[in-house]
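Below, each chain spelled out in residue letters.
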Amino acid sequence: MPDQTYARRPLRPGGAPVPPLALGSWNTWDRMSQDDAVSLIRRAVDLDAGFFDVAFYNMGPHAENSRTDILFGEALRRSGVDRSEIVLCGKLWLWDWPNQGFRAQIVESLRRAGLDRFDTLVVGDYIDAPDLSRLVADVDELIDEGLVGSWGINNWRIEHTRAALAEAATQGVAGPVFAQLKYGIARRSMAEGQAYGPLFADGTLTLQASDVFEGGILATGRAPQRKIGADVGGIRERIAEIYPEVERVAGEFGVSPAALGIAFCLANPATSNVLFGASRVAQLEQNHAALALARDHGAEVRAALAGCWVDREVRADGVW
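Residues numbered from 1 in each chain as written. Predicted model: local features only at pLDDT ≥ 70, side-chain atom pairs only at ≥ 80, totals over all residues. Heavy atoms only, no water.

## Points about the overall build of the chain
Thought 1: Tallying secondary structure elements over the chain gives 12 helices and 10 strands in all.
Thought 2: In terms of overall dimensions, the chain has a C-alpha envelope of 50 × 45 × 35 Å along the principal axes.
Thought 3: Looking at the chain as a whole, 56% of its 320 residues qualify as buried.
Thought 4: Of the accessible surface of the chain, which amounts to about 12,900 Å², a share of 48% is contributed by carbon and sulfur atoms.
Thought 5: One way to put it: in the chain the 32 positive side-chain charges average out to a point 3 Å from where the 42 negative ones average out. (Helix = DSSP H or I, 4+ residues; strand = E, 2+ residues; numbered from the N terminus. Buried < 20%, exposed > 50% of the residue type's maximum accessible area, 1.4 Å probe, protein only. Areas by Shrake-Rupley, 256 points an atom, 1.4 Å probe, with all protein chains shown as cover. Lys, Arg positive; Asp, Glu negative; His and termini not counted. Charge placed at Lys NZ, Arg CZ, Asp CG, Glu CD.)

## Here we look at the sheet that holds strand 8 (residues 178-182)
Thought 1: With respect to topology, 8 strands assemble into a closed barrel ordered 3-4-5-6-7-8-9-10, the strand pairing being parallel. For this sheet, the mean angle separating the axes of adjacent strands, direction not counted, is 25°.
Thought 2: Relative to strand 10 (residues 271-276), strand 9 (residues 206-210) is paired through 3 bridges, and the arrangement is parallel. Considered in strand 10, the bridge of Q208 is made with N273.
Thought 3: Against the sheet, helix 3 (residues 102-113) engages strand 5 (87-92) and strand 6 (120-123), with an angle of about 135° to strand 5. (Pairing = 2+ DSSP bridges. Axes fitted to C-alpha atoms, helices over the stretch in contact; angles between N-to-C directions. Contact = heavy atoms within 4.5 Å.)

## Overview of the nonpolar core
Thought 1: Formed by 95 residues in total, the largest nonpolar core has its most connected members in W29, F52, V123, W151, W156, Y196 and L260.
Thought 2: Among the elements that make up this core, the one with the highest residue count is helix 11 (residues 257-266) (8 residues). (Core = buried A, V, L, I, M, F, W, Y, C linked by side-chain atoms within 4.5 Å.)

## Points about the layout of surface pockets
Any empty space left between atoms is shown by rolling a water-sized probe over those atoms.
Thought 1: Size it by volume and the largest pocket reaches roughly 1,400 Å³.
Thought 2: Every element with two or more residues in the lining of the largest pocket is listed here: strand 8, helix 8 (217-220), helix 11, strand 10 and helix 12 (281-304).
Thought 3: For the lining of the largest pocket, a count of residues per class yields 17 nonpolar, 20 polar and 11 charged.
Thought 4: Looking at the second largest pocket, it is lined by 17 residues, and the ones nearest its centre are A16, P17, V18, V87 and D119.
Thought 5: For the lining of the second largest pocket, a count of residues per class yields 8 nonpolar, 5 polar and 4 charged. (1 Å grid on protein atoms, 1.4 Å probe; cavity = no way out; pocket = protein on both sides within 12 Å on 5 of 7 lines; lining within 4 Å. Points joined across faces, edges and corners; volume = space filled by probe spheres on them. Nonpolar A, V, L, I, M, F, W, Y, C, P; charged D, E, K, R; others polar.)

## As for the side chain of D48
Thought 1: You can see D48 is positioned in the loop between helix 1 (34-46) and strand 4 (51-53).
Thought 2: We classify D48 as buried; its relative accessible area is 1%.
Thought 3: A polar atom in the side chain of D48 sits 2.5 Å from the side chain of R8.
Thought 4: In this structure D48 touches P2, D3, Q4, Y6, R8, P19, P20 and L21, once residues within four positions along its chain are discounted. (Polar contact = N/O pair within 3.5 Å; in protein donor to acceptor, adjacent residues only side chain to side chain.)

## Notes on empty space enclosed by the protein
Thought 1: All chains considered together, the criterion is met by 3 cavities of 30 Å³ or more.
Thought 2: Considering only enclosed or pocket space, the largest cavity measures out at about 70 Å³ in volume.
Thought 3: Around the largest cavity sit K182, R187, R188, S189, M190, V232, D311, V314, R315 and W320, which together line it.
Thought 4: The residue makeup of the lining of the largest cavity, split by class, is 4 nonpolar, 1 polar and 5 charged.
Thought 5: If you add up the space inside the second largest cavity, you get close to 40 Å³.
Thought 6: F56, N58, K91, W93, Q100, Q105, E108 and S109 together form the lining of the second largest cavity.
Thought 7: Here the lining of the second largest cavity gets 3 residues from one element, more than from any other, and that element is helix 3.
Thought 8: Within the lining of the second largest cavity, the residues separate by chemical class into 2 nonpolar, 4 polar and 2 charged.

## Some points on unusual backbone geometry
Thought 1: For the bond from W97 to P98, the omega torsion is 10°, close enough to zero to count as cis.
Thought 2: Of note, the phi angle at N155 is positive, near 55°, even though the residue is not glycine.
Thought 3: Relative to the elements of secondary structure, N155 occurs in the loop between strand 7 (151-154) and helix 5 (158-171).
Thought 4: The exposure class of N155 is buried, given its relative accessible area of 9%.
Thought 5: The backbone of E214 shows a phi angle near 55°, a positive value even though the residue is not glycine.
Thought 6: By the element assignment, E214 lies in the loop between strand 9 and helix 8.

Right under this line is the structure:
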């Protein structure tokens, strides 16, 4: 049985509760040996981090043709972990949609990872607004076919998220149930502001926190040499400047800066789980300390980090 340090919350309103910790796939599974990946998957299930974000990075700004999804699938099969013990989240890209249709994308993603279905999926971000009527209908076809169970959005502009919800209601089909947003100690405006905040407050959507360490900067104090997420608002240097304070507060609570960042996100009632990358079992075990911290001292954590909010002036509506 997974560790139950922290009470699970559903990813979709009224849905089954999911693990509070989620492991992402971008530049993760290809940064470790296959044996280490197997060990990490097994330990993730033990530590209630058995939620895996699996994507084929092959188009737009992610045209990397990475093998990270293939490596994950191979490690999952070797791990012996039962499919019923984990939650799998896929991803759809809008960069070349509808030229490359959703069904073709998801079938290819499943084939590469050796999976039969995703429990949920995220529809990625975009430059130009997509045809939301068609998008909603196309995703619903995947749900009807049993390839996925539900869906959410990734850093969409709030006007398009609301339009997708309205379009789904009009069509009588499944709309987005969660929002995967950049969220953490330094970036709070989008998730906590007046754009998405009301949708979380009234239970329309739940929040999946992503990029919580700003590419590792708020976990280690160092800027990684690998590709990391976009610097929305051009504030990354200012984010790096708060690391000493994050490290100090983490020390006061007796956890790593990474665990502190995860606990901060979980202390927000809107958060269903926190998505992060881990390439070592020891790293995952350190991060697991966030669960007890959020459970016992969530409000104190948020109060201690009140001065570390950096993106106050960045637009909250997702228009970057």
